[in-house]
Amino acid sequence: MNPSPIGVFDSGLGGLSVLREIRALLPHESLLYVADSRHAPYGEKPESFVESRTLDVCEWLVAQGCKALVIACNTATMHAVQAVRARFTTLPVIGVEPGLKPAAAASRSKVVGVLATANTLKSDKFNRLLGTLQHASRFVCEAGLGLVPMIEQGDIDSAAMRARLQSLLAPMLDAGADTLVLGCTHYPFLTQTIREMVGDRLTIVDTGVAIARQLARKLAEFDLAAPSDAAPRDRYVSTRDAAHLRAMAAALLGVDAAAETVTIGTDLTA
Ligand code: DGL
């Protein structure tokens, strides 16, 4: 029996870093992944656009029969999770947010670097969270402008990527940061490159595993977990280019996934 799928969505390929953790923790669940790559990056688009695209994609996932939604994108969570929860009141909706709290707890120097999109850093939700933790740590935040388009092209360790990372990490290291929050789901694909650049000077915090655990808790709470004899069937769809999504899923996750190109919503111009 194929269980109803869990919808996992990102502006592009970044949510694959969350999907990887969900797949590892919940091997019996079927996953339907949407990369809205036609519209990436969300991090540099108007907030109203991010909200309406997120609602369109979630609408599509629900129409495909998804039993739960994972917004595997910090930017979309910051600007749209409330609207998604208000529209889909009967489904578990799991969002992601930068791991500021675990980072503050892990930091010894009490200086934490935060790398996230410009839209995440300027959102009210992010700044409220930051405000609750000012006593626990100092946060040095940098907008990773340009990183998402490079990762979307498969560039995770070129000289240009290293130079860009160097300029983003330098202010954090100069301020004495010993912990780095990856506040965008695209960025975990840079972990190895960052590690090669900074060695053990920075403890890297991303929230993929925590999201997978939160999803497992919600599935249990809503009595939606797939039975242990379920045969999972995953689908990968892109709003831009299925072949590219397939190639990137193979390169980034090592999975050979059939992928489809789909049209979602009405706006095809961005
Ligand atoms: N992966 C996304 C995030 O977690 C969005 C990146 C983007 O489209 O700018 O914020």
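All of these numbers come straight from a predicted model, not from anything done at the bench.

*Asks:* Please provide a residue-by-residue account of the UniProt feature "active site" (unreviewed entry) in the protein, values included.
*Replies:* As recorded in UniProt, the sites labelled "active site" (unreviewed entry) are Cys-73 and Cys-184. A maximum C-alpha distance of 6.7 Å is found for the annotated residues, which run over 112 residues; spatially they form one tight group. By secondary structure assignment, the location of Cys-73 is in the loop between strand S3 (68–71) and helix H3 (74–87). Look past the residues within four positions of Cys-73 in its chain and what remains in contact with it is Phe-9, Asp-10, Ser-11, Tyr-42, Val-96 and Thr-185. Along the chain, Cys-184 falls in the loop between strand S7 (179–183) and helix H9 (191–198). Taking relative accessible area as the criterion, Cys-184 reaches 7% and is therefore assigned buried. With sequence-adjacent residues up to four places away left out, Cys-184 is seen in contact with Asn-74, Leu-115, Thr-117 and Val-148.

*Asks:* Got a sec to walk through the packing of helix H1 (residues 16–25) against helix H10 (residues 208–221)? Specific residues and values, please.
*Replies:* At a minimum axis distance of 8 Å, the contact between H1 and H10 shows a crossing angle of 50°. On the basis of the axis angle, H1 is oblique to H10. Regarding H1 and H10, the two cross each other, and that crossing is right-handed. Across the interface between the two elements, Val-18, Glu-21, Ile-22 and Leu-25 from H1 touch Gly-208, Val-209, Ile-211, Ala-212, Arg-213, Leu-215 and Ala-216 from H10. Class assignment for the residues of the contact of H1 with H10 results in 8 nonpolar, 1 polar and 2 charged.

Criteria and thresholds
Residues numbered from 1 in each chain as written. Predicted model: local features only at pLDDT ≥ 70, side-chain atom pairs only at ≥ 80, totals over all residues. Heavy atoms only, no water. UniProt positions renumbered as here; feature names shortened; annotations may be inferred. Helix = DSSP H or I, 4+ residues; strand = E, 2+ residues; numbered from the N terminus. Contact = heavy atoms within 4.5 Å. Buried < 20%, exposed > 50% of the residue type's maximum accessible area, 1.4 Å probe, protein only. Axes fitted to C-alpha atoms, helices over the stretch in contact; angles between N-to-C directions. Parallel < 35°, antiparallel > 145°, perpendicular 65-115°, else oblique. Left-handed = near helix turned anticlockwise from the far one by under 90°. Nonpolar A, V, L, I, M, F, W, Y, C, P; charged D, E, K, R; others polar.

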